[in-house]
Amino acid sequence: MRVCLDPGHGGIDRANRGPTGYVEADGVLDIALRTRAVLQAVGIEVVMTREKDTYLSLAARTDFAAKQKADLFVSIHTDAATTPTAHGCTVFCSAHDSESRRLGEAIEQALRQAGRPSRGVRTRQLADGRDYYHVIREAKMPSVLVECAFHTNPTEEALLKTPAFRQLLAEAIANGIRAYIGPQISDLVPISLDGELLPVPGRLINSVTFAPVRALAEALGLIVIWDDKKRQVELRRR
Ligand SMILES: [Zn+2]
């Protein structure tokens, strides 16, 4: 499973900012880098449309994801409104792709669980019915656009300026992506001991190898006791 994270804007496109100096291009890059770190730590592969303050056209972003054969596309932004009271997160998904909606719902739910006020999962369409956002319309894989908070709202701008809040957003986005993906369980993985295959293979679950403990421990000469009361495995040296 390969996730493409797309921090919005950057380079010459850095005009979107809050009333006291927050710059969307920088804020969303930081949130995306933090999201990448959380996903990579649990074995999910991540590619990023940009890792620095560089400019990319919208077409370059979706082309990159296609070339990288990404399975999911998550564009990260912060929102703006003319009314300073507008606040909360919004997750945009495709009006035509149920997987995009499912991904959007998973991320929106994770943001709510992280305590963020939410404006819900929304679609936005052109007059001809196609999805409004290029990155949702043109991505070849399920794609969503996350508006994390309003940088035009003084309270949310102040939050966005703190690393702790950007980390909270990153963890929520990563949790939503993980919930959407579900556990990644591989085919059986043979395990050998001193060149001899064990009778029972293991499995990779989110990049960690799980093996039947009795087969493995007994092959290593350990005694295996299952304590039914504690629901616990006890290993003893002989
Ligand atoms: Zn934006």
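Computed from a prediction, not measured in an experiment: that's the story for all the values here. (Residues numbered from 1 in each chain as written. Predicted model: local features only at pLDDT ≥ 70, side-chain atom pairs only at ≥ 80, totals over all residues. Heavy atoms only, no water.)

With that out of the way, let us pick up the sheet that holds strand β7 (residues 185-189). If you walk across this open sheet you meet the three strands as β7-β10-β11, and the pairing is antiparallel. This sheet does not close on itself; its edge strands, each paired only once, are β7 and β11 (208-210). Averaged over all pairs of adjacent strands, the angle between strand axes in this sheet comes to 25 degrees, irrespective of strand direction. Here β7 pairs with strand β10 (residues 202-205) via three bridges, running antiparallel. Following the sheet pairing, V189 is matched in β10 by G202. (Pairing = 2+ DSSP bridges. Helix = DSSP H or I, 4+ residues; strand = E, 2+ residues; numbered from the N terminus. Axes fitted to C-alpha atoms, helices over the stretch in contact; angles between N-to-C directions.)

Here we take up the pattern of salt bridges. Applying the stated criterion across every chain yields a total of 15 salt bridges. Put simply, R102 and E99 hold a salt bridge, and the shortest N to O gap is 3.2 Å. Taken together, the residues span about one helical turn, with R102 and E99 both in helix α3 (residues 98-113) at a distance of three residues. Assessed through its relative accessible area of 40%, R102 is described here as partly exposed. Linked by salt bridges that have partners in common, R14, D26 and D53 make up one network. (Salt bridge = Lys/Arg side-chain N within 4 Å of Asp/Glu carboxyl O. Buried < 20%, exposed > 50% of the residue type's maximum accessible area, 1.4 Å probe, protein only.)

Once that is clear, we can look at the packing of α3 against helix α6 (residues 163-181). Angle between the axes and distance between the axes: these two values describe a pair of packed helices. Running from N to C, α3 and α6 cross one another at 140 degrees; their axes reach a closest spacing of 7 Å. As judged from the angle between their axes, α3 and α6 are oblique. As α3 packs across α6, the resulting crossing turns out to be right-handed. In contact with E99, R102, L103, A106, I107, A110 and L111 of α3, α6 contributes L169, A172, I173, N175, G176, I177, A179 and Y180. Grouping the amino acids of the contact of α3 with α6 by side-chain chemistry returns eleven nonpolar, two polar and two charged. (Parallel < 35°, antiparallel > 145°, perpendicular 65-115°, else oblique. Left-handed = near helix turned anticlockwise from the far one by under 90°. Contact = heavy atoms within 4.5 Å. Nonpolar A, V, L, I, M, F, W, Y, C, P; charged D, E, K, R; others polar.)

Surrounding the zinc ion are the protein donor atoms H9 (NE2), E24 (OE) and H77 (ND1), at 2.0 to 2.1 Å. When the donors of the zinc ion are listed by position in the chain, the intervening gaps give H-x14-E-x52-H. With E24 in helix α1 (residues 24-41) and H77 in strand β3 (residues 72-79), this pair connects stretches of sequence that are 53 residues apart. Taking the relative accessible area as the measure of exposure, E24 reaches 2% and is therefore buried. (Donors = N, O, S within 2.8 Å, 3.2 Å for Na, K, Ca; no water.)

What follows covers the packing of α1 against α6. Running from N to C, α1 and α6 point in directions that differ by 50 degrees, and their axes come no closer than 8 Å. In terms of their interaxial angle, α1 and α6 are classed as oblique. When you trace α1 past α6, the crossing you get is right-handed. For the pair α1 and α6, contact is made by G27, D30, I31, R34, T35, V38 and L39 and by P163, R166, Q167, L169, A170, E171, I173, A174, I177 and R178, respectively.

Turning our eyes to something else, we now look at a nonpolar patch on the surface. Among the surface-exposed residues, V213, W226, V233 and L235 lie close enough to one another that they form a single nonpolar patch of about 340 Å² accessible area. Take W226: it is sitting in strand β12 (residues 222-227). (Patch = residues over 30% accessible without salt bridge, like charges linked within 9 Å, V, L, I, M, F, W, Y side chains within 5 Å. Areas by Shrake-Rupley, 256 points an atom, 1.4 Å probe, with all protein chains shown as cover.)

Bridge analysis of β12 against strand β13 (residues 232-237) gives six bridges, and the strand direction is antiparallel. The residue of β13 that forms the bridge with W226 is V233. The loop that links β12 with its antiparallel partner β13 comprises four residues; one of these, R231, has a positive phi angle of about 50 degrees.

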